[in-house]
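Residues per chain are reported as follows:
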Amino acid sequence: MIDVRNPRTGEIDFRFDPASPDQVVAEGRRLRAAQPEWQAMGVEGRAEVLRRWADAIDAHMDAIVSALSVDTGRLKIARIEVEGLPRTIRRWAERAPEIISSLDAKDRPSVFPGVSISTRHLPYALFGAIAPWNFPVVLSTIDLIPALMAGCAAVVKPSEVTPRFVEPLRETVAAVPELERVLAFVLGGPETGQALIGQVDYICFTGSVATGRKVAEAAARAFIPANLELGGKDPMIVLASADPIQAAKTALRASVVASGQACQSIERVYVAREIAELFLAALVHEARACRPNYPDTDTGEIGPFIFARQAEVVQAQIDDARAKGATVLTGGTVERLSGGLYLRPTVITGVAPDMLVLREETFGPVIPVTVFDTVDEAVALANDSSFGLSAAVLAGSAEEAEAVGARLEAGAVSINDGALTSMVGDAEKSAFKLSGIGPSRSGDAGLTRFFRTQALIRQNGAPMALAAFAEGG
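An account of the accompanying structure is given in this report. (Residues numbered from 1 in each chain as written. Predicted model: local features only at pLDDT ≥ 70, side-chain atom pairs only at ≥ 80, totals over all residues. Heavy atoms only, no water.)

**So, a nonpolar patch on the surface**
On the surface, Phe112, Met464, Leu466 and Phe469 cluster together into a nonpolar patch covering about 510 Å² of accessible area. The topology assignment puts Met464 in the segment after strand E22 (451–459). Using a relative accessible area of 53% as the deciding quantity, one classes Met464 as exposed. (Patch = residues over 30% accessible without salt bridge, like charges linked within 9 Å, V, L, I, M, F, W, Y side chains within 5 Å. Areas by Shrake-Rupley, 256 points an atom, 1.4 Å probe, with all protein chains shown as cover. Salt bridge = Lys/Arg side-chain N within 4 Å of Asp/Glu carboxyl O. Helix = DSSP H or I, 4+ residues; strand = E, 2+ residues; numbered from the N terminus. Buried < 20%, exposed > 50% of the residue type's maximum accessible area, 1.4 Å probe, protein only.)

Have a look at this one:
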């Protein structure tokens with residue numbers, strides 16, 4: 001039995017029995033048996049099934065939102081997350097037929113005389129995903145939907161920290177029998193995740209670098225591809241030409257939405273000395289105006305920490321910065337409100353490269369600000385990280401911001417905004433450094449990665465005889 005903590009009350013108010021390794025094996029066999037029929041439906045047939053799933057989600061919307069709100073301690077973002085799911089399904093159902101129809105190449109001449117080549121694209125039979133707790137619905141389905149459209153059967157293990165949404169979502173799957181045959185959600189902890197990797201042909205994981213390494217190692221032993229999206233330490237550079245007041249508002253939003261519990265949150269800000277004073281004053285003013293969504297979810301901008309242990313990690317980073325000489329301008333202390341753990345937006349100056357708050361992923365509403373004198377200095381500071389998920393540049397013009405953004409070691413760069421990767425799903429990108437490995441989960445590659453390519457090599461004349469290789473011939 002796994003106990004689940006309510007992030008708003010701190011109480012254990014939900015329990016579930018994890019799927020055993022034997023149950024995961026049985027589920028994998030069931031899904032594999034159904035996959036050939038799912039593939040044979042063709043992309044248009046699968047699209048129609050997924051559109052019916054989107055309709056079922058619309059019909060169960062309030063129940064899923066309610067469960068997810070308890071999971072995460074926030075209401076508006078929970079609703080945004082769930083309302084986005086049927087839109088994403090319909091977008092892939094609309095887009096996938098065109099992508100898939102363009103893949104197969106029909107009988108083209110080879111450079112080898114007399115030979116022609118055609119290709120087929122075959123889906124991996126069984127796709128698996130292991131999802132994190134910060135955006136439970138989005139990150140349980142972001143890879144799942146294109147995998148299903150490709151023709152894979154699928155099994156997903158959501159985080160054991162936020163499992164309440166799964167039951168109402170399962171009800172939507174049950175409303176579409178063709179989908180229920182090829183899609184399963186299994187609940188459990190690390191043991192369940194390990195068993196899942198052993199059953200699938202392709203694994204997607206979203207989470208920490210430490211766990212990502214374990215997933216990659218297990219996938220290597222199973223000899224299957226692993227798509228990993230891991231941590232971020234996203235920098236924002238604010239150039240001297242930027243409007244400091246607007247830049248402060250943008251930096252705050254990009255840093256503290258969802259209480260900073262997002263891999264694409266801005267976690268380091270570098271601001272030009274010419275506007276630093278105005279920027280900091282505005283940032284502190286805006287940060288102090290933010291309120292916890294307490295005593296209920298109808299007010300405030302800052303929700304509780306979903307995972308209690310993360311509050312300890314964030315507080316330790318703040319304390320480390322203080323101990324090493326940094327100044328906390330606002331916030332800085334995790335508060336316990338009716339058992340929930342909250343941190344008001346925390347602005348820190350006087351930070352140094354050896355501080356944890358600049359080296360390690362924070363995953364909380366903390367904004368360390370560093371002043372720079374030259375653009376070269378700002379770029380060097382922004383690139384001084386083991387992470388490279390995304391970044392942002394604010395300037396007086398998009399052209400100026402893009403020139404700097406092109407120098408950053410990150411898979412996606414928001415120009416004159418921040419954290420756009422949380423909203424823009426059709427921009428193909430890679431994760432740099434320790435932020436991940438594998439094809440892009442967004443853009444057309446989000447679908448095409450689930451195919452293997454088979455070449456059909458046709459001899460149009462007479463095959464060569466052994467005599468063609470005879471010595472002295």
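That shown, we press on.
**Here's the deal with the sheet that holds strand E9 (residues 226–229)**
By definition, the strands of a sheet pair up through backbone hydrogen bonds, in either a parallel or an antiparallel sense. The strand order across the open sheet formed by 6 strands is E7-E6-E5-E8-E9-E21, and the pairing between neighbours is mixed. This sheet does not close on itself; its edge strands, each paired only once, are strand E7 (183–185) and strand E21 (436–437). Taken together, the 3 bridges between strand E6 (residues 153–157) and E7 define a ladder with parallel strand orientation. By the bridge assignment for E7, Val156 is matched with Phe185. Packed on one face of the sheet, helix H10 (residues 209–222) meets strand E8 (202–206) and E9 and runs near 175° to E8. (Pairing = 2+ DSSP bridges. Contact = heavy atoms within 4.5 Å. Axes fitted to C-alpha atoms, helices over the stretch in contact; angles between N-to-C directions.)

**Some words on empty space enclosed by the protein**
Inspection of the entire model under this criterion finds 3 cavities of 30 Å³ or more. A volume near 160 Å³ is recorded for the largest cavity. As for the largest cavity, its lining consists of 16 residues, and the residues nearest its centre are Leu228, Glu229, Ala431, Pro439 and Arg441. Elements with a contribution of two residues or more to the lining of the largest cavity: E8 and E9. If one sorts the elements of the lining of the largest cavity by residue count, E9 sits on top with 3 residues. Contributing elements (two or more residues each) for the lining of the second largest cavity: strand E10 (234–238), helix H15 (375–383), strand E17 (387–388) and strand E18 (390–394). (1 Å grid on protein atoms, 1.4 Å probe; cavity = no way out; pocket = protein on both sides within 12 Å on 5 of 7 lines; lining within 4 Å. Points joined across faces, edges and corners; volume = space filled by probe spheres on them.)

**Topic: the environment of Thr453**
Looking at the element boundaries, Thr453 is found in strand E22. Of the residues examined, Thr453 reaches a relative accessible area of 55% and is grouped as exposed. Between the C-alpha atoms of Thr453 and Thr119, which are 334 residues apart in sequence, the distance is 6.6 Å. When residues no more than four places from it in sequence are discounted, the contact partners of Thr453 are Thr119, Arg120 and His121. A polar atom in the side chain of Thr453 sits 3.3 Å from the side chain of His121. (Polar contact = N/O pair within 3.5 Å; in protein donor to acceptor, adjacent residues only side chain to side chain.)

**Regarding unusual backbone geometry**
The amide bond that connects Tyr294 to the next residue, Pro295, takes the cis arrangement and shows omega of 10°. With respect to the helices, strands and loops of the structure, Pro295 is situated in the loop between helix H12 (273–289) and helix H13 (308–323). For Ala258, which is not glycine, the phi torsion reads 60° and is therefore positive. As for its position among the elements, Ala258 is in the loop between helix H11 (244–256) and strand E11 (266–272). Notably, Asn416 is not glycine yet its phi reads approximately 55°, a positive angle. Among the secondary structure elements, Asn416 is positioned in the loop between strand E19 (412–415) and strand E20 (432–433). On the basis of relative accessible area, Asn416 is assigned to the partly exposed category, the value being 34%.

**What to know about the packing of aromatic side chains**
Here the structure, examined in full by the defined rule, presents 6 aromatic pairs. With a centroid separation of 5.2 Å and 75° between ring planes, the pair formed by Phe127 and Phe450 is classed as edge-to-face. Taken together, the positions of Phe127 in strand E5 (residues 126–130) and Phe450 in the loop between helix H17 (445–448) and E22 put the pair 323 residues apart, joining distant regions of the chain. Neither residue differs from the other here; Phe127 and Phe450 are each classed as buried. Both rings, one in Trp133 and one in Phe363, keep their centres 5.5 Å apart while their planes meet at 90°; by these two values the pair is edge-to-face. With a gap of 230 residues between them, Trp133 in the loop between E5 and helix H5 (136–141) and Phe363 in the loop between helix H14 (356–359) and strand E16 (366–372) connect regions that are remote in the sequence. (Phe/Tyr/Trp six-rings, centres within 6.5 Å; stacked < 30°, edge-to-face > 60°.)

**Side note on the layout of surface pockets**
Of the voids in this model, the second largest pocket is the one considered here, and its volume is about 1,200 Å³. As for the second largest pocket, its lining consists of 40 residues, and the residues nearest its centre are Trp133, Phe205, Gly207, Ser208 and Thr211. Looking at the lining of the second largest pocket, the element that brings in the most residues is H10, giving 8 residues. Residues that form the lining of the second largest pocket fall into these classes: 19 nonpolar, 13 polar and 8 charged. (Nonpolar A, V, L, I, M, F, W, Y, C, P; charged D, E, K, R; others polar.)

**What to know about the packing of H11 against H12**
Packed helices, taken two at a time, are described by their axes: the angle between them and the distance between them. Two numbers describe how H11 lies on H12: the axes approach to 8 Å, and their chain directions differ by 45°. When the interaxial angle is binned, H11 and H12 end up oblique. Seen from above, H11 lies across H12 with right-handed handedness. Across the interface between the two elements, Pro244, Ile245, Ala247, Ala248, Lys249, Ala251 and Leu252 of H11 pack against Ile275, Leu278, Phe279, Ala282, Leu283, Glu286 and Ala287 of H12. Broken down by class, the residue content of the contact of H11 with H12 amounts to 12 nonpolar, no polar and 2 charged. (Parallel < 35°, antiparallel > 145°, perpendicular 65-115°, else oblique. Left-handed = near helix turned anticlockwise from the far one by under 90°.)

**Notes on the packing of helix H3 (residues 61–72) against helix H7 (residues 166–174)**
Two elements in contact, H3 and H7, have axes whose closest approach is 8 Å; the angle formed by their N-to-C orientations is 155°. The orientation of H3 with respect to H7, classified from their angle, is roughly antiparallel. Crossing of H3 against H7: the hand is left-handed. For the pair formed by H3 and H7, the contact residues are Ala63, Ile64 and Ala67 on the first element and Pro168, Leu169 and Thr172 on the second. Taken together, the residues of the contact of H3 with H7 break down into 5 nonpolar, 1 polar and no charged.

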